[in-house]
Amino acid sequence: MLNHDCIPPLYVQIANQIKDEVHNGRFREQRRLPPEKAISEQYQVSRITVRKAIELLAQEGLVETKQGKGTFVRAQAIRKNLKRPCTSFTENCVENGMIPNSKVLQAGIVPVQDAKAAEGLDIPLGTQAVRILRLRCADEKPCVIEDNYFPLDFAYLLEMDLEHDSLYRFLREEKHIQIEPGDLVLRITRADPKTARLLQIAKGAPLLSMFGRTFHDGGEILHTCSQIGYGEDFDFILR
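Conventions we followed
Residues numbered from 1 in each chain as written. Predicted model: local features only at pLDDT ≥ 70, side-chain atom pairs only at ≥ 80, totals over all residues. Heavy atoms only, no water. 1 Å grid on protein atoms, 1.4 Å probe; cavity = no way out; pocket = protein on both sides within 12 Å on 5 of 7 lines; lining within 4 Å. Points joined across faces, edges and corners; volume = space filled by probe spheres on them. Helix = DSSP H or I, 4+ residues; strand = E, 2+ residues; numbered from the N terminus. Nonpolar A, V, L, I, M, F, W, Y, C, P; charged D, E, K, R; others polar. Salt bridge = Lys/Arg side-chain N within 4 Å of Asp/Glu carboxyl O. Buried < 20%, exposed > 50% of the residue type's maximum accessible area, 1.4 Å probe, protein only. Polar contact = N/O pair within 3.5 Å; in protein donor to acceptor, adjacent residues only side chain to side chain. Contact = heavy atoms within 4.5 Å. Axes fitted to C-alpha atoms, helices over the stretch in contact; angles between N-to-C directions. Parallel < 35°, antiparallel > 145°, perpendicular 65-115°, else oblique. Left-handed = near helix turned anticlockwise from the far one by under 90°. Phe/Tyr/Trp six-rings, centres within 6.5 Å; stacked < 30°, edge-to-face > 60°. Lys NZ or Arg CZ within 6 Å of the ring centre and 35° of its normal.

S.K.: Would you take a moment to explain empty space enclosed by the protein for this structure?
M.R.: Gaps left between atoms are located by rolling a probe of water-molecule size over the structure's atoms. In the structure shown here, the tally under the stated rule is one cavity of 30 Å³ or more. The volume enclosed by the largest cavity comes to roughly 50 Å³. Where the lining of the largest cavity is concerned, the elements lending two or more residues are α1 (10-23) and α2 (36-43). If one sorts the elements of the lining of the largest cavity by residue count, α2 sits on top with three residues. Considering only residue class, the lining of the largest cavity consists of six nonpolar, one polar and two charged.

Here it is as structure tokens:
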């Protein structure tokens, strides 16, 4: 209910109540706000007041108005803290209040044809390794294509539930492996047709490409990881 005797203007009160509804998950499935007329009738205020409330929410980046379609809650940015190395995609999703899951694109023992991956594993090109290629999703939304290569000693990872479990969780908790950070290289790139289809974005959309490797237990190579995705819905914490 609105307080007509309160110091904050009515449009500010309406904006705050819509914020509360967004944060409580009311618009998680249907992200379109009710029409201005419905909101004005709900709060018994003029449509001008409602319009001012929506303009305030738009200025704060919470909603966006699409001509002829209505007002929609904007997807909130996922925060990824690069100051904390060796944080898995699963852990990052949970920290952002989202449900992680994956789609396995390839998992098996294969000859390594990627020169960067072979160099990262310190093996000759064409040597066999464990490849786990997955499409990583947050709340069912595709976010990142992740391509991992592990030495053959880690072939037991192929027996995991790769769509719902975390590799890092399994290695730490089940195998008692200490995961240590390695090098990481970032590059801005654009989505090719295959990447665009998997991530459900426009061809040529700007993306972040990341390549690095991770070590374990005193300097042994754990895996290489190539990721592409992390579009406009991600905020990166660098320092």
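S.K.: Explanation requested: the pattern of salt bridges in the structure shown.
M.R.: In total, this model carries twelve salt bridges according to the counting rule given. Among the salt bridges present, the one from Arg 172 reaches Glu 91, with a minimum N-O distance of 3.3 Å. Of this pair, Arg 172 sits in helix α6 (residues 167-174) while Glu 91 sits in helix α4 (residues 89-95), and the two are 81 residues apart along the sequence. Residue Arg 172 is classed as partly exposed on the basis of its relative accessible area of 28%. What makes Glu 91 partly exposed here is its relative accessible area of 30%. Taken together, the shared-partner salt bridges in this structure form one network comprising Asp 165, Arg 169, Glu 173 and Glu 174.

S.K.: Would you explain the side chain of Arg 136 in this entry?
M.R.: Among the structural elements, Arg 136 can be located in strand β5 (residues 128-138). Note on Arg 136: relative accessible area 4%, which makes it buried. Within the structure, Arg 136 has its side chain in polar contact with the side chain of Ser 102 (distance 2.7 Å). Ignoring any residue separated from it by four or fewer positions in sequence, one finds Arg 136 in contact with Phe 89, Thr 90, Asn 101, Ser 102, Lys 141, Pro 142, Cys 143, Val 144 and Glu 146.

S.K.: Any chance you could explain the layout of surface pockets here in plain terms?
M.R.: Approximately 560 Å³ is the volume attributed to the second largest pocket. Considering the residues around the second largest pocket, the lining is formed by 31 residues, among which Cys 86, Thr 87, Tyr 168, Thr 214 and Gln 227 are closest to the centre. Secondary structure elements with two or more residues in the lining of the second largest pocket: β3 (78-81), α4, β5, β6 (141-150), α6, β9 (206-216) and β10 (220-229). The leading source of residues in the lining of the second largest pocket is β9, at five residues.

S.K.: Looking at this model, I keep getting lost on the packing of α2 against helix α3 (residues 47-59). Mind explaining?
M.R.: The relative placement of two packed helices is expressed as an angle between their axes plus a distance between the axes. Closest axis-to-axis distance for the α2/α3 pair is 9 Å, and the angle between their directions is 110 degrees. What the angle tells us is that α2 and α3 run roughly perpendicular. Judged by residue contacts, Glu 36, Lys 37, Ile 39 and Ser 40 of α2 engage Arg 47, Val 50, Arg 51 and Ile 54 from α3. Grouping the constituent residues of the contact of α2 with α3 by class yields three nonpolar, one polar and four charged.

S.K.: Any chance you could explain unusual backbone geometry here in plain terms?
M.R.: The phi torsion of most residues other than glycine is negative, and most of the peptide bonds are trans. The backbone of Asp 122 shows a phi angle near 60 degrees, a positive value even though the residue is not glycine. The residue Asp 122 is located in the loop between α5 (115-121) and β5 in this model. Although it is not a glycine, Glu 140 sits at a positive phi angle of roughly 70 degrees. As for its placement among the helices and strands, Glu 140 is situated in the loop between β5 and β6.

S.K.: Explanation requested: the packing of α1 against α3 in the structure shown.
M.R.: Axis separation between α1 and α3 bottoms out at 8 Å; the angle between their running directions is 55 degrees. When the axes of α1 and α3 are compared, the pair comes out oblique. Where α1 crosses over α3, the handedness of that crossing is right-handed. Facing Leu 10, Tyr 11, Val 12, Ile 14, Ala 15, Ile 18 and Lys 19 of α1, the residues of α3 in contact are Thr 49, Lys 52, Ala 53, Leu 56 and Leu 57. The residue inventory of the contact of α1 with α3, partitioned by class, reads nine nonpolar, one polar and two charged.

S.K.: Would you mind showing me how to read the packing of aromatic side chains here?
M.R.: For any pair of aromatic rings, the description rests on two quantities: the centre-to-centre distance and the angle between the ring planes. For the structure shown, the criterion picks out three aromatic pairs. Taking 6.0 Å as the distance between ring centres and 55 degrees as the angle between the ring planes, the aromatic pair formed by Phe 154 and Tyr 156 counts as tilted. What makes Tyr 156 partly exposed here is its relative accessible area of 23%. Taking the centre distance of 6.2 Å and the plane angle of 45 degrees together, the rings of Tyr 156 and Phe 170 count as tilted. Remark: Phe 170 occurs in helix α6 and Tyr 156 occurs in the loop between β6 and α6; sequence separation between them is 14 residues. Overall, Phe 170 belongs to the buried group, its relative accessible area being 16%. A connected cluster of aromatic rings, assembled from ring pairs, spans Phe 150, Phe 154, Tyr 156 and Phe 170. Between the NZ or CZ atom of Lys 66 and the centre of the ring of Phe 72, over which it lies, the distance is 5.0 Å. If you follow Lys 116 out to its NZ or CZ, it ends over the ring of Phe 211, 4.8 Å from the centre.

Shape is all these values report; function is a separate question.
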